[in-house]
Amino acid sequence: MTIHRATVSRVQRLSDSMVRITLTGGDVPDFVSTGVGDEYVRLFFPHGPDRQDLSLPVTTDTGWETPEGRPTAPMRTYTIRAVRPEAAEIDIDFVIHDHGVAATWAAAARPGDPLGLNAPTGLYDPPADLARQVLVCDLTGLPALARILEDTPESVVTRAVVEIPDDGARQPLPDHPRAKVTWTHGGNGHGPSRLADLVTTALPEHSDLTGTYIWVAGETTALRSVRKHLRKTLALPTDRFKVVGYWAPGADSWTERYEALPADVKAELTALWDDPKGDLEDVTIAYEDRLTGLGL
């Protein structure tokens, strides 16, 4: 499991809400992209006020571990906006807000700042007969949506819906001759997310979804009903959609509340994955239903 050391080479403001960090140097020439539009990596951030003390983990047979005597690097998951192997550059777009390790680091990023990242994993996986796709996301999914759209064959009809906090978060998207993009305000930590409604509107219950692939990304809790709608109401095969939770409001307090659950309840939740009944999406729905019932 490869860990790459990189250095910030450029910082570009894309909108009121997003900044693009271009990485180069270090191990970036060895970074191998999956080529998948929503590929993601774990980012490892520096320690201390000087922003230069980067304590990268070392790889092991089972994953990675922090070197003895060194602090554990803060880690967050982000999608890759672009990879240019000929220039040995990687672009990562960050949503800017007033809290969190990653957003705080990105807001003050300067050329020369170090950053670590692991090898990427991609999730977007349309079927061979793809003729139409529906892409729905909030601001956190926008970089992946843009890259997916950029790589979509011209023959594929695309319906894209992006939930942003306000018009200041809009940014140009790649041109595509058969794509229609709708911007709508809401969610993104500034109010209730409408991702579920947006998906339902884009995919009426009795619509013909032959040759269609659906990709939805954004606030994790808002996507629980999306997954259920696609799998249970529309009865889509699991290879016809991908639902990806990118963030959760109050993630730290959620973890605390989960850890405070009785031991038998946590064992019950773990058992859903240890002895799954049905495919992964059905198990995920059962797990999320149980979390919702527990107020999580």
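The structure we're discussing is the one just above.
Thresholds, definitions, all that
- Residues numbered from 1 in each chain as written.
- Predicted model: local features only at pLDDT ≥ 70, side-chain atom pairs only at ≥ 80, totals over all residues.
- Heavy atoms only, no water.
- Pairing = 2+ DSSP bridges.
- Helix = DSSP H or I, 4+ residues; strand = E, 2+ residues; numbered from the N terminus.
- Axes fitted to C-alpha atoms, helices over the stretch in contact; angles between N-to-C directions.
- Phe/Tyr/Trp six-rings, centres within 6.5 Å; stacked < 30°, edge-to-face > 60°.
- Buried < 20%, exposed > 50% of the residue type's maximum accessible area, 1.4 Å probe, protein only.
- Salt bridge = Lys/Arg side-chain N within 4 Å of Asp/Glu carboxyl O.

## Things to note about the sheet that holds strand 6 (residues 75-79)
Here is step 1: Spatial ordering of the open sheet is given by 6-3-9-1-2-8-7, a layout of seven strands whose pairing is antiparallel. Single-partner strands in this sheet number two, and they are strand 6 and strand 7 (82-84). On average, each strand axis in the sheet is inclined to that of its neighbour by 35 degrees, with strand direction left out of account.
Here is step 2: Where strand 1 (residues 3-13) and strand 9 (residues 114-118) come together, five bridges link them in antiparallel fashion. Note that in strand 9 the partner of R5 across the bridge is G116.

## Remarks on the packing of aromatic side chains
Here is step 1: Following the criterion strictly, the structure yields seven aromatic pairs and no others.
Here is step 2: With centroids separated by 5.3 Å and ring planes inclined at 85 degrees, the aromatic side chains of F44 and W64 adopt a geometry described as edge-to-face. A residue pair is termed long-range when its members are at least 10 positions apart, and F44 in strand 3 (residues 40-44) and W64 in strand 5 (residues 64-65) qualify at 20 residues.
Here is step 3: On the basis of relative accessible area, F44 is assigned to the buried category, the value being 2%.
Here is step 4: Among the aromatic residues, those joined into a cluster by ring pairs are F45, Y78, F94 and W105.

## Section: the pattern of salt bridges
Where charged atoms of side chains with opposite charge meet at close range, the side chains can pair.
Here is step 1: On inspection of all chains with the given rule, the structure shows 17 salt bridges.
Here is step 2: A salt bridge links D289 to K228; the shortest N-O distance between them is 2.8 Å. Of this pair, D289 sits in helix 7 (residues 280-293) while K228 sits in helix 4 (residues 224-233), and the two are 61 residues apart along the sequence.
Here is step 3: Between E259 and K266 there is a salt bridge whose closest N-O contact spans 3.5 Å.
Here is step 4: A single salt-bridge network, built from bridges that share partners, covers R10, R84, E89 and D91.

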